Amino acid sequence: MAAKKLRRAQLSQEMCERLSRYQITTCQDFLCLSLLELMKVTGQSYYEVQKLLCKVSRACAPKMQTAYEMKLRKSDNPSSAFLSTTLHSLDRVLHGGVPSGSLTEITSPPGCGKTQFCIMMSVLATLPVSMGGLDGAVIYIDTESAFSAERLIEIAAHRFPTYFDSDEKLLCMTRSVHLYRELTCCSVLKRIMSLEEEIISKKVKLIVIDSVASVVRKEFDTKLHGNLAERSNFLTRGASVLKYLAEEFSIPV
Amino acid sequence: MQREVGTLPLAPALRARLAAAGFQTAQELLDTGPCGLSKEIGISREEALEALQVVRQECHGDAARTAGGSGATRKCTALELLEEEQTQGFIITFCSALDNILGGGVQLTKITEICGAPGVGKTQLCMQLAVDVQIPECFGGVAGEAVFIDTEGSFMVDRVVDIAAACVQHCHLIAEAQQEEDHRKALETFSLENILSHIYYFRCRDYTELLAQVYLLPEFLSEHSKVRLVVIDGIAFPFRHDFEDLSLRTRLLNGLAQQLIIIANDHKSAVVLTNQMTTRIGQSQSTLVPALGESWGHAATVRLIFHWDNSQRLATLYKSPSQKESTIAYHITSHGFRDVQPPAVTHGAEGTELNPRKRPRTEEEKQ
C-alpha cells in the first residue's frame, strides 16, 4: 500500500512528472514531506496542497469496518476461526484453539515438546473439517533440522488410526506438508516474503516456524554493538509480514 | 492588511514573481486589481483573480482573528475554560482506582498515552474504553462512538463482545436498582449490536497508511460527529523498524502529534495512544522506558505506564497536568478491566481469573 505509485492515486499526469523530478514517485514519499516542502515541490498554493494530500491519503488509507461487521464475518465461518489442538483443557483456556488470523507463540525450555506440538498441529491441519482440521496444506519452516517425517507418520497413524487406515492416505497427508529448511536469518526472511504466492497456489492453511529464536541467537550476539538494532529490525519485519499473511488469509501461524 | 506578500499561502512561483515586481504588502495587491496584476507580472487574468481571492480570504481571516470574533480563534478566558472543564465528560474505565488517579477517567480533548511491556493490558484497556465511551449519559457516560486504529493486529472482536456484554449487564443492574424511566429508554438502544456497530475499525499495516489515515480523520470525524474517542493501538510499532533516518521519524511523529492535538480539540474527543517499552542501557543496569524517544514524551498530555510487580499488574500515572503521580493495581478479568477486589469481599472470585486469551508471561521477546 505504501509503495503505491502516485500515478495510480489519481493525480494528474503533469503533477506526477513534476514530482518524479524530485524523486517522489510513491505515496510513501509524498506523505513523508511536510506541508511547506510539498508546496515548494508542487508549486501549488496551501489549500491546493491540502486537497492533494487528501487525495493521496485516500488512495492508501485502510478501509473502515465496524466491529459489528467483523463479528458477523467471524460468525459466518465458525469452523475456520480456530484450529483445535485436541487437548481439551488447552482448547478451553484458548477459547477454542489456536486462533486463525493471528500469531501464536510457543516458548519453553529445551526438551519440553515444542517441536512435537508443531508436528501434531501439522497433522491436525491436514485433516478434513469434519474431524476438526482445516483441510489444507501446511508450510513448515524448520531452522533447527528437528523435523522428522517418520515421526509425522507415527503420530498420524497412532492418533487417528481409523482415518489413516491405508498407506495411501498417509502418503497423501505427507504430500501436503511442505518443509523448508532455512539456516540463516536472511533466508528465513526471504522465505517468509515469498510465502504469499505459495499460500495461494498450494491452498495452505497453517504456517509453522520452528523456531525463530534459534536462528536469531546464532547470528546476532547482543553484546556486540550494532547487533541489537539489527536483530530487532529483522524480528519486527518478519513479524509484520507474518501478521499480514495471517490476517489476509485468515490462517493460524 | 499590511500583511507581507511572502507570508500569503500562494504558489511559490507566484510569490517569487510578486516579489520581483516589487509588491510588498497584501493591500497593494488588492488595490491593483486583477487586470493590473496580470499585466504587471505576466500571468493570465484568471490566475490573478484566483490569487486575489486567496489574499482576500486570508485578510478577512486575519481581521476576524484580531477582532476576537469567529470560531477560528483559539483564545478564551480561563473562566470559560473552567466552566467547560467542569461540565466535560470523562470516559470511565470500570476500574475505580484508575478513574480516581486520572481525576474521573480518560479526559476528552486531551491525549492520553499508555505505555507498557507486551502482555500487560494496554489493548485490553483500549477495547474497554471503546465500549465505555458508548455508555449513555444517564449512566454517567458520554454517549459517543469510537474510532479504533490498529497497527499491530491485536484487536479481537470476540473479546470486545465479552467486554460489551459485561458492560450492558452492569447497566441493566443499575437500571433495575434505580428504576428510572430514562434509564430504561437508554437501555433499549444500548445493545450489543449497537455497541459493535459504533466502533469504527481501521487496520493500518505501516506508517504510510497510518499517516494517510490521520490526514483523513478530520473529514471522517465531521461526518461522524458523535465520535468521542480515537484510539491508536500501537503507535510505536510501525515506526520502530525499517527506519534508517531517525530525524525523519522524529519529524513525522511530531507532525502526527500536532494533528492529533488539533483533532482532540476541534472535535472534543479523547485521543488514546499505546506505546511500547524499550530498554535503555545505563551504566550499570538497564531500565525500561517508553519507546520512540524523549521528544515523543512531550506529545501526550497524560501518560500512564503499566508494569508488573511479581504477578500483580500496576498502573502508574507518570505525567499529568492536574493529578499527582500515583500507582494503583488493577486486574483483567473475563469481563474486562477491573479493580483488584479487596480480600474481604465475597464477590472477589472473579478478580483472580486472568483473561484466558492472554499468553503466559514467559520470555518476553525484546523488541
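Rules used in this analysis
- Residues numbered from 1 in each chain as written.
- Chains lettered and ligands numbered in written order.
- Predicted model: local features only at pLDDT ≥ 70, side-chain atom pairs only at ≥ 80, totals over all residues.
- Heavy atoms only, no water.
- UniProt positions renumbered as here; feature names shortened; annotations may be inferred.
- Patch = residues over 30% accessible without salt bridge, like charges linked within 9 Å, V, L, I, M, F, W, Y side chains within 5 Å.
- Areas by Shrake-Rupley, 256 points an atom, 1.4 Å probe, with all protein chains shown as cover.
- Salt bridge = Lys/Arg side-chain N within 4 Å of Asp/Glu carboxyl O.
- Lys, Arg positive; Asp, Glu negative; His and termini not counted.
- Charge placed at Lys NZ, Arg CZ, Asp CG, Glu CD.
- Helix = DSSP H or I, 4+ residues; strand = E, 2+ residues; numbered from the N terminus.
- Domains from an automatic or database assignment.
- Pairing = 2+ DSSP bridges.
- Axes fitted to C-alpha atoms, helices over the stretch in contact; angles between N-to-C directions.
- Contact = heavy atoms within 4.5 Å.
- Buried area = accessible area lost by both parts, 1.4 Å probe.
- Polar contact = N/O pair within 3.5 Å; in protein donor to acceptor, adjacent residues only side chain to side chain.
- Expected span 1.5 Å × (residues − 1).
- Bend = angle between axes of the 7 residues up to and from the residue.
- Buried < 20%, exposed > 50% of the residue type's maximum accessible area, 1.4 Å probe, protein only.
- Arc of directions from axis to C-beta.
- Phe/Tyr/Trp six-rings, centres within 6.5 Å; stacked < 30°, edge-to-face > 60°.
- Parallel < 35°, antiparallel > 145°, perpendicular 65-115°, else oblique.
- Left-handed = near helix turned anticlockwise from the far one by under 90°.

In the annotation of an unreviewed UniProt entry, the entry for chain B reads DNA repair protein RAD51 homolog 3, and the organism field reads Cnemophilus loriae. Here chain B is described in UniProt, under the heading Sequence similarities (unreviewed entry), as follows: "Belongs to the RecA family. RAD51 subfamily."

Chain A is annotated in an unreviewed UniProt entry as DNA repair protein RAD51 homolog 2 of Cnemophilus loriae. Entered under Subunit (unreviewed entry) in the UniProt record, the comment concerning chain A runs "Part of the BCDX2 complex consisting of RAD51B, RAD51C, RAD51D and XRCC2; the complex has a ring-like structure arranged into a flat disc around a central channel. The BCDX2 subcomplex RAD51B:RAD51C interacts with RAD51. Interacts with SWSAP1; involved in homologous recombination repair. Interacts with HELQ."

(A) Examining a negative patch on the surface more closely. Among the surface-exposed residues, Glu 80, Glu 83, Glu 84 and Glu 85 of chain B lie close enough to one another that they form a single negatively charged patch. Along the chain, Glu 84 of chain B turns up in helix H4 (residues 78-87).

(B) Inspection of the domain arrangement of chain A at higher detail. Under the domain assignment used here, chain A contains domain 1 (6-60) and domain 2 (80-249). Of note, the centres of domain 1 of chain A and domain 2 of chain A, computed from C-alpha atoms alone, are 42 Å apart.

(C) View of the sheet that holds strand S10 (residues 302-309) of chain B. On the basis of which strands lie adjacent, the open sheet formed by ten strands has the order S1(A)-S5(B)-S4(B)-S6(B)-S7(B)-S3(B)-S10(B)-S11(B)-S12(B)-S13(B) and mixed pairing. Strands at the two margins of the open sheet, each flanked by one partner only, are strand S1 (64-66) of chain A together with strand S13 (336-339) of chain B. Ignoring strand direction, the axes of neighbouring strands in this sheet form an average angle of 25°. Of the pairings in the sheet, the one linking strand S3 (residues 111-116) of chain B to S10 of chain B comprises five bridges and is parallel in character. Bridge pairing links Thr 112 of chain B to Val 302 of chain B in S10 of chain B. Lying on the sheet, helix H10 (residues 207-223) of chain B is in contact with S1 of chain A together with strand S4 (145-150), strand S5 (199-203) and strand S6 (227-233) of chain B; it crosses S4 of chain B at an angle near 170°.

(D) Just the interface of chain A and chain B, in detail. Taken together, the 49 residues of chain A in the interface contact 50 residues of chain B. Buried surface at the junction of chain A and chain B, summed over both partners, amounts to about 4500 Å²; 62% is from carbon and sulfur atoms. Linking chain A with chain B are zero salt bridges. For the pair chain A and chain B, the number of links is four residue pairs in polar contact (both at pLDDT 80 or more). Contributions of two or more residues to the side of chain A that touches chain B are made by helix H2 (27-32), helix H3 (35-42), helix H4 (46-60), S1, helix H5 (67-76) and helix H13 (227-249) of chain A. Residue contributions to the side of chain A that touches chain B peak at eleven residues, all from H13 of chain A. Where S1 of chain A and S5 of chain B come together, three bridges link them in antiparallel fashion. The residue of S5 of chain B that forms the bridge with Thr 66 of chain A is Tyr 200 of chain B.

(E) Examining helix H2 (residues 26-41) of chain B more closely. Residues and elements named next belong to chain B. Under the 1.5 Å per step criterion, the end-to-end length of H2 is only 15 Å for 16 residues, more than 12% shorter than the ideal 22 Å. Bending of H2 peaks at approximately 105° at the position of Gly 33, with proline Pro 34 no more than four residues after it. Ala 26, Leu 29, Leu 30, Gly 33, Leu 37, Ser 38 and Ile 41 are the residues of H2 that are buried. Residue Gly 42 follows H2 closely and has a positive phi angle near 75°.

(F) Local environment of the domain arrangement of chain B. Each domain of chain B was delimited in the assignment, giving domain 1 (5-63) and domain 2 (88-339). Taking only C-alpha atoms, the centre of domain 1 of chain B and the centre of domain 2 of chain B are 46 Å apart.

(G) Examining helix H8 (residues 181-189) of chain B more closely. Residues and elements named next belong to chain B. Residues of H8 that are buried: His 183, Ala 186 and Leu 187. Looking straight down H8, one finds that the buried residues subtend no more than 105° of arc, so they occupy a single side. In H8, the exposed positions that point more than 90 degrees away from the buried face belong to Lys 185, Glu 188 and Thr 189.

(H) Spatial organisation of unusual backbone geometry. All names here are of chain B. In this model, Thr 109 sits at a positive phi of 60°, which is unusual for a non-glycine residue. Of note, Thr 109 is situated in the loop between strand S2 (106-107) and S3. Backbone geometry places Ala 143, a non-glycine residue, at a positive phi of 55°. Relative to the helices and strands, Ala 143 resides in the loop between helix H6 (122-132) and S4. Residue class for Ala 143 comes out partly exposed when judged on its relative accessible area of 26%.

(I) Summary view of the packing of aromatic side chains. Residue and element names in this part refer to chain B. As enumerated under the stated definition, the model contains eight aromatic pairs over all chains in all. Pairing Phe 306 with Tyr 330 gives two aromatic rings, centres 5.0 Å apart and planes at 45°, and the pair type is tilted. On the criterion of sequence distance, the pair formed by Phe 306 in strand S10 and Tyr 330 in strand S12 (residues 327-333) is long-range, its members being 24 residues apart. Of the two residues examined, Phe 306 and Tyr 330, each falls in the buried class.

(J) Representation of the sheet that holds strand S4 (residues 137-142) of chain A within the structure. All names here are of chain A. Reading across the sheet, the three strands line up as S5-S4-S6 and stay open at both edges, with parallel pairing between neighbours. Across the chains shown, the open sheet's two edge strands, defined by having one partner strand only, are strand S5 (177-181) and strand S6 (204-210). In this sheet, adjacent strand axes meet at a mean angle of 15° when their direction is disregarded. Note: S4 against S5, five bridges, orientation parallel. Along S5, the bridge assignment pairs Val 138 with Val 177.

(K) Region of the structure containing the pairing of S5 of chain B. All names here are of chain B. When you tally the buried positions in S5, you get five out of five residues, the bulk of the element. Of the two faces of S5, the one lined by Ile 199, Tyr 201 and Arg 203 and the one lined by Tyr 200 and Phe 202 are each fully buried. Bridge count between S4 and S5: five bridges; the pairing is parallel. Each bridged residue has a counterpart across the sheet, and for Ala 146 the counterpart in S5 is Ile 199.

(L) Structural detail: the packing of helix H7 (residues 114-126) of chain A against helix H8 (residues 149-159) of chain A. Residue and element names in this part refer to chain A. Between H7 and H8, the least distance of the axes is 10 Å, while the angle of their chain directions is 60°. Here H8 runs oblique to H7, going by the angle between their axes. In terms of crossing hand, the pair formed by H7 and H8 is right-handed. In this structure, H7 contributes Gln 116, Ile 119, Met 120 and Val 123 to the contact, and H8 contributes Arg 151, Leu 152, Ile 155, Ala 156 and Arg 159.

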